[in-house]
Each structure stands twice: as structure tokens, then as C-alpha cells.
Amino acid sequence: MVSVLDRDSELRRRAWDAAASVVDPEIPVLTIADLGVLRDVVFAGDHVEVAITPTYSGCPAMNMISLEIEVALERAGFRRPKVRTVLSPAWTTDWMTEEGRQKLRAYGIAPPQASSSRRALFGEQAVACPQCGSENTELLSEFGSTSCKALWRCKSCREPFDYFKCH
Amino acid sequence: MATANIQVSETPLVLYALRRADDALILGHRLSEWCGHAPMLEEDMALSNIALDLIGQARELYTYASKVEGKDNDEDKLAYLRDIRQYRNLLLVEQPNGDFAQTLVRQFFYSAFADLYWRAMMNSRDTTLAAIAAKSEKESAYHLRHASEWLIRLGDGTDESHARAQAAIDHLWAFTGEMFAVDDGERALIHAGIAIDPGTLRGRWLQTLSNVASEATLVLPENDWMQQGGRTGRHSEHLGHLLSELQSMQRTFPGLTW
């Protein structure tokens, strides 16, 4: 016999998994769970509510992500899902999971350095090339193809690459 | 062109959020005017990215102002349905892009302030403003670094780039005083721990400026006469032209959506 509590936690797990499967439209190897954007899934009355936290203030992917979450939940059988944006505490790249960092590297993007303190923002940056692993790299442009990335180049293998900036 | 302006109940906290939102929106819009016109591709992307950060900050601040006001004035209405006299941004941010030096100096003056301001605001007792500050301070730090590096390159570059950078500093200087001004409503928020006193940031702001200026072989003006008015809706003519472009779609087709 399944208790009400078990059924609720099972429902919540299903809703969480559905929301967690949504990927960042600009970096499709990362799910919102990898990014640390997915914060909470709760049931409010007859509908499910998902809390997410925005990444960069102006990230245009956030609207898309909200929409994708609603679609994913509806596909999983949840009716009238809602997405709520939570500002506090503010997201930082430290919330990205280790798995997410590895996926980024495999995709050819150097993951953000851990501990995004101001020292990491402005201190000596040793960004390893995601292709060959060399730390003999240089910054080409502080602002890259999306607001979360900078453009770097490896001086060992000569490949240019994206670096996911600390935030 | 018959859409009515909204009326906003400007309680001190609504007005406080609105002023910062307007700064970010107007400066973001100015930078977006460079999109497709910057001197090189990397710079085109940089200015557009900074614009995006600022417009993102504006959206969060407008949404918060709207929530505090508790009426129907959402972020879009606040941006699109207020006229020039209802805008509360600094005169500095509405100044035209001019040449590249003028854009960079405007950005440098603002970012050097925003960097300090948002870092201090992370300690606000208002949790929403503190959360917005936590994001904005990192973004502002990147913006400041970008503008500083350019200013050094321009100031310490050719005779032409040096002259243009110095002219931009001399021209925009009188618009910087407004960043440090407070009125009675803001003073009450400062006492309540919601806002910070910008006057306390001026020393460090000047220090940042003089460090960069000396490396750039540029000179900061000694003139301390400052132009004010933006915070109370008395703007230069430039803002009207900017708004007519920013708002034209919503004014022409009220309620238009994508």
C-alpha cells in the first residue's frame, strides 16, 4: 500500500525530473539542474510550481527556459504548471555542478573557475584549454558570443575557445 | 500616438528602484545604438553585451518597483508608457554616444560608480535589492574593467585619441555630481538601511578615476560645478529623442506583443 506521503514525494520527484531535463538553449549540453538554476518544485493546490533563479541579469535564455519547463511538465502530465523566479540568494557560477563542468569541458567550453569571489573575477586567471588542457592561454575578448562567455585562445594548440565567465 | 501615460505612485522606495532602473535602461539603450556600428567586431559584441546586462538589471528593478507600488504598472508599462518628465535617470546616462571616446568615458564614469554602489548595496536590508545588487556588482566589475582598459588605450594612444578622450572627460564631467546626490526620501531609506549613502563612495570613485586617468595620461577637471535635474524629471533634450525611439512601437500599437 502506498501512503499519501510516498505518493506526494513520488509526484514531486517526477516533476523535479521533468523540470531538471530542460536544457539551456544556448549551451544545450547543460541542463538547468547542472547550471544550478533549478531551485525548488512545490505543489500548490492542484498545480505544480517550479522555482528558478536567473543567471545573468540580461540573459535572454531565461524566458525560453521558463517556457521549456512549462512544456516539459505538461508533457509529464502536470497540468497548469507555473514557473516562479527567485532572486535571492543570487545565482553564481559556483552553483554549477561538477558534472556540469565536465560536460562543458567535453563540449569545448572552459568551465568557470570555482569560487567566483572578486579575487577570482580580477585575480590571475589560469584558464585551461578545453581541447588540450594547456594553461598557456590568453584572453582575446572579454565579451563573447553570449553574455556568460569570454573568448580565449590556447597558445599551445592555437585553438580559440569560449570560457564560461565567473559570475 | 494616443496611448496615455501611466501614473506612478512614487513612494520613496518605488522612486528609489525606479531611478536605478531608469539609469540602467537608458544607458543600456544608448549602448545598444552601437550594435552593428562599433569600430570592430569584438567591441560590437562587448557593447551589446554590456547593454544586455544593463537592460536585464533594469527589468529586475522595474519589476521590483512595480511589486512595491502594488498596482498594474508592470516592467513594460514603466519603460514604455512614461514620458520624459516621468523618467528619473541621471543626466549622464542619456548623453548621446558622440564618438567612441565619449561613449567610453560615459561608461567609465558610470561603471566606476556602479561597481562601488552595487557592492555596497549587497548589504541592503531589502533582500530583493540586495539580490539584484549581488548580480549587478559582478557585471559592473566587468564593465568597469572594459571601460578602464579602453580609456588607457585611448588616452595613451595617438594624439587624436588622446585629444578626443580628454574632450569627452571635460564635456561629461559636470554630469557626474548627480550620482552622489540624495534627497529627503532617499535619506530616510538610507537611515532605514535599505539604501546606502552614495556620498560615502565619492572618495573611492575619485581614486578609481585618478588611477586610470594617470595611466591614460589624461587629466580630471578641477571644476566642481555640477548639473542636476534628471532625478526629478528635468532632462536634456536628448532623452526625448531617445524615448521616441524606445517607445515608438508601444505608442503606435498599444499593447503590442511579439
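Refer to the structure above for everything that follows.
Residues numbered from 1 in each chain as written. Chains lettered and ligands numbered in written order. Predicted model: local features only at pLDDT ≥ 70, side-chain atom pairs only at ≥ 80, totals over all residues. Heavy atoms only, no water.

J.: For this particular structure, what's the right way to read the packing of aromatic side chains?
T.: The geometry of an aromatic ring pair is captured by the separation of the ring centres together with the interplanar angle, meaning the angle of the planes. Residues and elements named next belong to chain B. Applying the stated criterion across every chain yields a total of 13 aromatic pairs over all chains. The interplanar angle of 75° and the centroid separation of 5.8 Å between the aromatic rings of Phe 109 and Trp 173 together place this pair among those described as edge-to-face. Taken together, the residues Phe 109 in helix H5 (residues 100–121) and Trp 173 in the loop between helix H7 (159–172) and helix H8 (184–191) connect sequence positions 64 residues apart. You'll find Phe 109 and Trp 173 in the same group, each marked buried. Judged by centre distance (4.9 Å) and plane angle (65°), the ring pair of Tyr 117 and Trp 118 falls under edge-to-face. In this pair, the class of Tyr 117 matches that of Trp 118, namely buried. Taken together, the ring pairs connect Phe 108, Phe 109, Phe 113, Tyr 117, Trp 118, Trp 173, Phe 180 and Trp 205 into an aromatic cluster. If you follow Arg 82 out to its NZ or CZ, it ends over the ring of Tyr 87, 4.2 Å from the centre. Over the face of the ring belonging to Phe 180 we find Arg 202, whose NZ or CZ atom lies 5.5 Å from the ring centre. (Phe/Tyr/Trp six-rings, centres within 6.5 Å; stacked < 30°, edge-to-face > 60°. Helix = DSSP H or I, 4+ residues; strand = E, 2+ residues; numbered from the N terminus. Buried < 20%, exposed > 50% of the residue type's maximum accessible area, 1.4 Å probe, protein only. Lys NZ or Arg CZ within 6 Å of the ring centre and 35° of its normal.)

J.: Got a minute to help me understand the sheet that holds strand S4 (residues 109–110) of chain A in this structure?
T.: Sheet strands pair by backbone hydrogen bonding; their relative direction is either parallel or antiparallel. Ordered by their spatial adjacency, four strands build an open sheet running S4-S7-S6-S5 (chain A), and the pairing between neighbours is mixed. Single-partner strands in this sheet number two, and they are S4 and strand S5 (137–141) of chain A. (Pairing = 2+ DSSP bridges.)

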